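# Coordinate inspection notes
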Amino acid sequence: MRRQADWPWPRVMAHRCGGALAPENTLPGLQVCVMTGCRGVEFDVMLSGSGTPILMHDETLERTTTGSGPVSLASDAQLALLDAGVRHHRAFAGTAIPAFAATIEQCRLLDLAANVEIKPAAGYERETGAAAAQMAELGWSGAAVLPLLSSFSEVALEAARITAPRLPRGLLVDQLPADWRARCERLDVIAVHLNQRLLDQATVATLRGEGYRVLSYTVNDPLRARQLLDWGVDTVVTDRPDSVRA
Ligand code: G3P
Ligand code: MG
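Residues numbered from 1 in each chain as written. Chains lettered and ligands numbered in written order. Predicted model: local features only at pLDDT ≥ 70, side-chain atom pairs only at ≥ 80, totals over all residues. Heavy atoms only, no water.

### Considerations on the pattern of salt bridges
Applying the stated rule across the entire model yields 16 salt bridges. The shortest N-O distance in the salt bridge between R183 and D179 comes to 2.9 Å. For R183, a relative accessible area of 22% translates into the label partly exposed. Relative accessible area serves as the criterion here: at 39%, D179 is assigned to the partly exposed category. Among the salt bridges present, the one from R181 reaches E210, with a minimum N-O distance of 2.6 Å. Within this pair, whereas R181 is found in helix 6 (residues 180–187), its partner E210 is found in the loop between helix 7 (201–209) and strand 8 (213–217), the two being separated by 29 residues in sequence. The class of R181 is partly exposed, set by a relative accessible area of 37%. E210 sits in the partly exposed class, given a relative accessible area of 26%. Through salt bridges with shared partners, one network takes in R16, E24, D58 and R63. (Salt bridge = Lys/Arg side-chain N within 4 Å of Asp/Glu carboxyl O. Buried < 20%, exposed > 50% of the residue type's maximum accessible area, 1.4 Å probe, protein only. Helix = DSSP H or I, 4+ residues; strand = E, 2+ residues; numbered from the N terminus.)

Here it is as structure tokens:
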């Protein structure tokens, strides 16, 4: 069995910065997260058309911002004109799409631990993994708790491993694939991140028994969170950091 890695991240982390309580992947989300008493956040990092790592979940701008079209074709100057808050609630009107660099700064100021999900637009997997890892390594240099990098894209995660091998990584999947051991070894991850809907106790026991840590998303029912943590899940990621507690 491999030696189990340390796990300094909180038992509960807010999904996309502030979960459902703030516009996703924004700096106000970090503040809201802190106000709930939650000590960690997950968020998504994608490259803008200018090649800058920014916080964004979708490959297109429509759902979360006042813009439209592919994120990968929008320059930083174009993105700066968009509102990433008003679609969530008019109280958040005027919220900018945050750069990853500014987000790191805020996380450090607010003492928030981070799970950085590398979310490449199709065709930009390697560049996104490398750029996100490079910025994470620089931004969190000297930090007591390093960011945990994860991605559904193994190409992006591999690029992150090559760029910043020192940063811990998690394999992000919906459900544990049959060849998970080979994938985990290849990417040298310390954890597997799994969809809570498809997760059972035996899978958690297998992973923990073989020395891997387990993170599960997106857990919005406090009783389900309790069950997962009791099974040995190390961290649950939630949209409800106000009601899902460690
Ligand atoms: O990283 C966990 C979770 O955020 C993955 O799903 O689509 O919300 O990024 P998604
Ligand atoms: Mg995510």
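Still to come is the rest of the account.
### As for the packing of helix 3 (residues 100–110) against helix 4 (residues 125–139)
Interaxial distance between helix 3 and helix 4 falls to 10 Å at its minimum, and their mutual angle equals 35°. At the point where helix 3 passes helix 4, the crossing takes the right-handed sense. Within the contact between the two elements, helix 3 uses F100, A101, I104 and R108 and helix 4 uses A132, M135, A136 and G139. When the residues that make up the contact of helix 3 with helix 4 are grouped by side-chain class, the tally is six nonpolar, one polar and one charged. (Axes fitted to C-alpha atoms, helices over the stretch in contact; angles between N-to-C directions. Left-handed = near helix turned anticlockwise from the far one by under 90°. Contact = heavy atoms within 4.5 Å. Nonpolar A, V, L, I, M, F, W, Y, C, P; charged D, E, K, R; others polar.)

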